[in-house]
Amino acid sequence: MKDPKNTRVVVGMSGGVDSSVAALLLKEQGYDVIGLFMKNWDDTDESGVCTATEDYEDVITVCNEIGIPYYAVNFEKEYWDKVFTYFLDEYKAGRTPNPDVMCNKEIKFKAFLDHALKLGADYIATGHYAQVAHIDGEYKMLRGKDQNKDQTYFLNQLNQKQLAKVLFPLGHLEKKEVREIAKKAGLATAGKKDSTGICFIGERNFKQFLSQYLPAQPGKMETMDGEVKGQHDGLMYYTIGQRHGLGIGGSGEPWFVIGKDIQRNVLFVGQGFDNEYLYSDSIIATNVNWVSDQVKPSEFSCTAKFRYRQPDHGVKVISLEDSRAKIVFDEPIRAVTPGQAVVFYNGEECLGGGTIDEIYRNGKRLTYVG
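Only a predicted model underlies this, so the values are computations on that prediction, with no experimental measurement involved.

Enquirer: Would you mind going over the side chain of Glu349 with me for this structure?
Expert: Tracing the sequence through the fold places Glu349 in strand 17 (residues 349-361). We classify Glu349 as buried; its relative accessible area is 17%.

Structure below.
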């Protein structure tokens, strides 16, 4: 690591408490810090209010409080082309995408990194809860200390080149410590609530938002035996394991989404949290990325997460051609969902990840999609 005094770090600032404290800590450590606000989405609401404008005002206030210069950069076109188009395509295909993973891959650690390097940055920094360690000549991505906030799941597509240029100043902190640091420093964002959900949807109704871009095609809700239980509003509105919003009354156990038939436009439903159709024992993943450049064995064991904040599950990974892999579970797992990320770990180290594509039980592909 270079001497902080001669090291320029461009911090991706969102107007939230995490990126504010990341910038503050780097400044206190003596780095030459610049704040950069990314405008990724035109989110003006019906009343003409744009939350991005409010967020940028918070960035300006915090940068002035810390005493660092700030800039704004517009990545709306890149975001639309690389993240939003992918988001719509996945929903069109009946899958449940993870735009945060794609945003990190294409915007924060690609478009933003490239822009920062043009500003003379030695490193970029973000408010993510993750850690980078340089061990035996290689960069390793480690979970954040705050296990409840750890964000390596969303960073699974990063590589050696990117990690060599990234600092995560909050990786060794708990969220409550970050709030305390902000409060003690008197930062304007100290009490600002965390943003939740997908950035371009915000507080809006998800169904309403999606219907503006994709035409909904209502169809039948059926059991696996072909019994019609009602009507669905459009397959894109439902995800595997979903319970709410089905509108199926009657006695007995609650109903859940257990599968989709895209060709027939049918939503499969079944009773019981532990319905057999909700469990799978293996998947095929696509777009598999490994953080390390070292060649992986063609078959190895590790743990994996199939959704954020899920406990780790033991798996065996078998490499296939074209950045694909077969992942066999030690025990069946509930509600594994096409389009979501599968992320691999060895203890505290995040090894990489891919996109859940095909789902199997007992060698038979489940009828979630297709």
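Enquirer: I would appreciate a short explanation of the pairing of strand 12 (residues 279-290) in the present structure.
Expert: Along a regular strand, successive side chains alternate from one face of the sheet to the other. With nine of twelve residues buried, strand 12 is to be regarded as a mostly interior element. Relative to strand 15 (residues 324-334), strand 12 runs antiparallel, the two sharing six bridges. When the bridges of strand 15 are listed, Ser282 appears paired with Val328. Judged from the seven bridges that link them, strand 12 and strand 17 form a sheet pairing that is antiparallel. Pairing of Ile283 across the sheet is with Ile359, part of strand 17.

Enquirer: Help me understand the sheet that holds strand 11 (residues 266-271) in this model?
Expert: Where strands meet in a sheet, backbone hydrogen bonds hold them as pairs that are either parallel or antiparallel. Spatial strand order, 9-8-11-10: four strands in an open sheet with mixed pairing. On the outer flanks of this sheet lie strand 9 (228-232) and strand 10 (255-261), each paired with one strand and no other. The average angle at which neighbouring strand axes cross in this sheet is 30 degrees, direction not considered. Pairing between strand 10 and strand 11: six bridges, direction antiparallel. Across the sheet, the residue bridging to Lys260 is Leu267, located in strand 11.

Enquirer: Quick question: what am I supposed to make of the packing of helix 1 (residues 17-28) against helix 6 (residues 175-185) here?
Expert: Working note: a packed helix pair is described by the angle between its axes plus the distance between those axes. At a minimum axis separation of 10 Å, helix 1 and helix 6 run at an interaxial angle of 65 degrees. On the basis of the axis angle, helix 1 is roughly perpendicular to helix 6. Where helix 1 crosses over helix 6, the two elements pack in a sense that is left-handed. Residues Val17, Asp18, Val21, Leu24 and Leu25 of helix 1 pack against Lys175, Val178, Arg179, Ile181, Ala182 and Ala185 of helix 6. Along the lines of polarity and charge, the residues of the contact of helix 1 with helix 6 split into eight nonpolar, no polar and three charged.

Enquirer: When you look at the nonpolar core in this model, what are you seeing that I'm missing?
Expert: One broad trend across soluble globular proteins is that nonpolar side chains are buried collectively. Core analysis: the biggest nonpolar cluster contains 62 residues, and Phe87, Phe200, Leu210, Leu246 and Leu267 have the highest contact counts within it. Within the residue set of this core, elements represented by two or more residues are strand 2 (32-39), helix 3 (76-92), helix 4 (99-118), helix 7 (206-211), strand 10, strand 11 and strand 16 (341-346). In terms of residues, this core owes the most to one element, helix 4, which gives nine residues. The contacts of Phe87, once residues within four sequence positions are left out, are Pro97, Pro99, Ile198, Phe200, Ile201, Phe206, Phe209 and Leu210.

Enquirer: Explain helix 3 here, please?
Expert: Because each turn of an α-helix spans 3.6 residues, side chains separated by three or four positions in sequence point in the same direction. Its maximal kink placed at Phe84, helix 3 deviates by approximately 30 degrees. Among all positions in helix 3, only Tyr79, Val83, Phe84, Tyr86, Phe87, Leu88, Glu90 and Tyr91 are buried. Against the buried residues of helix 3 lie helix 4 and helix 7. In the stretch just after helix 3, Gly94 is the one whose phi turns positive, near 85 degrees.

Enquirer: What is the right way to look at the packing of helix 3 against helix 4 in this model?
Expert: Relative orientation of the contacting elements helix 3 and helix 4 amounts to 155 degrees, with a least axis distance of 10 Å. The orientation of helix 3 with respect to helix 4, classified from their angle, is roughly antiparallel. Considering the relative orientation of helix 3 and helix 4, their crossing is right-handed. In this structure, helix 3 contributes Glu78, Tyr79, Lys82, Val83, Tyr86 and Phe87 to the contact, and helix 4 contributes Pro99, Met102, Cys103, Glu106 and Ile107. Among the residues making up the contact of helix 3 with helix 4, the classes are represented as eight nonpolar, no polar and three charged.

Here is what the cut-offs are and how they apply
- Residues numbered from 1 in each chain as written.
- Predicted model: local features only at pLDDT ≥ 70, side-chain atom pairs only at ≥ 80, totals over all residues.
- Heavy atoms only, no water.
- Helix = DSSP H or I, 4+ residues; strand = E, 2+ residues; numbered from the N terminus.
- Buried < 20%, exposed > 50% of the residue type's maximum accessible area, 1.4 Å probe, protein only.
- Pairing = 2+ DSSP bridges.
- Axes fitted to C-alpha atoms, helices over the stretch in contact; angles between N-to-C directions.
- Parallel < 35°, antiparallel > 145°, perpendicular 65-115°, else oblique.
- Left-handed = near helix turned anticlockwise from the far one by under 90°.
- Contact = heavy atoms within 4.5 Å.
- Nonpolar A, V, L, I, M, F, W, Y, C, P; charged D, E, K, R; others polar.
- Core = buried A, V, L, I, M, F, W, Y, C linked by side-chain atoms within 4.5 Å.
- Bend = angle between axes of the 7 residues up to and from the residue.

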